[in-house]
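Chain by chain, the residues:
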Amino acid sequence: MRNISGVDGDSQGSGIMGKKTPRRPLDIIDQQPAASSPAEIAALATCARHGNKPDELLEILHELQEHVGYVPEATLPVIAKALNISRAEVHGVVTFYHDFRREPAGRHVIKICRAEACQSMGTEHLCQHAEQTLGTKLGGTSADGAYTIEAVYCLGNCALSPAILIGDRLFGKVDPIRFDSIVAGLNKEAAE
Ligand code: FES
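What you see is a predicted model, and the numbers here were worked out from it, not measured in a lab.

**Concerning the pairing of strand E2 (residues 147-152)**
Consecutive side chains along a regular strand alternate between the two faces of the sheet. In terms of residue burial, E2 counts as a mostly covered element, since 5 of its 6 residues are buried. Two elements, strand E1 (residues 108-113) and E2, share 6 bridges in a ladder whose sense is parallel. Bridge assignment links Lys111 to a residue of E2, and that residue is Glu150.

Below, the structure written as structure tokens:
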């Protein structure tokens, strides 16, 4: 009978040079995507809800981000395997769309509109101010983990541009001074 349980009692396969690394039974038998962290399990469940259909990758990633808060690196191979596509394809989609976060978000996510109407009213200056004030670039999170700033393209508040969205709170006519006062308000709420 063929021995698939390893040799010399080393079922993990140490990979010591000169020795053949035995394969564990699970390597051979288990062809299902491996999921060990809550995020990976959530990724698998999301794929399953979408019937493991590769053409629903965008929806799957959005749902996963909604659930976990971002798209962890460790979930990419799990999703790729579940959808039977390459990891590079999943990675390509996650990095192409700015909507997807690769790191956990801060306690507050500040979305700053950079679309046309807001641009004409000074949103670029506002973005620079936000980056300077919070000490992070667009797409990043402040060192204290309190704020993530992200660019978005139209919040439907063009008449009151520049507009920003924090959680479900929409703010209009946001110049740097108003921005600072909004952030001060959030800091105060957090301290209470
Ligand atoms: S362009 Fe900024 S809200 Fe529409």
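**Section: the layout of surface pockets**
Here the largest pocket defines a volume of roughly 580 Å³. Every residue lining the largest pocket is counted, 25 residues in all, and those nearest its centre are His98, Asp99, Phe100, Arg101 and Glu150. Taken together, the elements giving at least two residues each to the lining of the largest pocket come down to helix H3 (57-68), helix H5 (87-96) and E2. In terms of residue count, the dominant contributor to the lining of the largest pocket is E2 (4 residues). In terms of residue class, the lining of the largest pocket is made up of 9 nonpolar, 8 polar and 8 charged. Three or more residues apiece are contributed to the lining of the largest pocket by two domains, here domain 1 (36-104) and domain 2 (108-191).

**Quick word on the packing of aromatic side chains**
All chains considered together, the criterion is met by 2 aromatic pairs. Consider the rings of Tyr97 and Phe100, whose centres lie 6.3 Å apart with planes at 85 degrees: the pair is edge-to-face. Accessibility expressed as a relative area gives 36% for Tyr97, which makes it partly exposed. Among the residues examined, Phe100 registers a relative accessible area of 6% and is labelled buried. Pairwise contacts between aromatic rings join Phe96, Tyr97 and Phe100 into one cluster.

**Section: the packing of helix H2 (residues 38-49) against helix H4 (residues 75-83)**
Look at H2 against H4: their axes get within 9 Å of each other, and the N-to-C directions meet at 25 degrees. Classified by the angle between their axes, H2 and H4 sit roughly parallel to one another. The crossing of H2 and H4 is right-handed. Here Ala39, Glu40, Ala43, Leu44 and Cys47 of H2 lie close against H4, whose contacting residues are Thr75, Val78, Ile79, Ala82 and Leu83. Looking at the contact of H2 with H4, its residues break down into 8 nonpolar, 1 polar and 1 charged.

**Overview of a nonpolar patch on the surface**
A contiguous nonpolar patch, built from Leu58, Phe96 and Tyr97 and spanning about 300 Å² of accessible area, is present on the exposed surface. With respect to the helices and strands, the residue Phe96 is situated in helix H5. Residue Phe96 is classed as exposed on the basis of its relative accessible area of 59%.

**A closer look at the nonpolar core**
Residues Leu57, Leu61, Val71, Ile79, Leu83, Val90 and Val94 are the most contacted members of the largest nonpolar core, which totals 18 residues. The dominant element in this core, judged by the number of residues it contributes, is H4, at 5 residues. If sequence neighbours within four positions are ignored, Ile79 has contacts with Ala43, Cys47, Leu57, Leu61, Leu64 and Val90. Listed in part, the 17 residues of the second largest apolar core include Ile110, Tyr147, Ile149 and Ile166.

Definitions and cut-offs
- Residues numbered from 1 in each chain as written.
- Predicted model: local features only at pLDDT ≥ 70, side-chain atom pairs only at ≥ 80, totals over all residues.
- Heavy atoms only, no water.
- Buried < 20%, exposed > 50% of the residue type's maximum accessible area, 1.4 Å probe, protein only.
- Helix = DSSP H or I, 4+ residues; strand = E, 2+ residues; numbered from the N terminus.
- Pairing = 2+ DSSP bridges.
- 1 Å grid on protein atoms, 1.4 Å probe; cavity = no way out; pocket = protein on both sides within 12 Å on 5 of 7 lines; lining within 4 Å.
- Points joined across faces, edges and corners; volume = space filled by probe spheres on them.
- Nonpolar A, V, L, I, M, F, W, Y, C, P; charged D, E, K, R; others polar.
- Domains from an automatic or database assignment.
- Phe/Tyr/Trp six-rings, centres within 6.5 Å; stacked < 30°, edge-to-face > 60°.
- Axes fitted to C-alpha atoms, helices over the stretch in contact; angles between N-to-C directions.
- Parallel < 35°, antiparallel > 145°, perpendicular 65-115°, else oblique.
- Left-handed = near helix turned anticlockwise from the far one by under 90°.
- Contact = heavy atoms within 4.5 Å.
- Patch = residues over 30% accessible without salt bridge, like charges linked within 9 Å, V, L, I, M, F, W, Y side chains within 5 Å.
- Areas by Shrake-Rupley, 256 points an atom, 1.4 Å probe, with all protein chains shown as cover.
- Salt bridge = Lys/Arg side-chain N within 4 Å of Asp/Glu carboxyl O.
- Core = buried A, V, L, I, M, F, W, Y, C linked by side-chain atoms within 4.5 Å.

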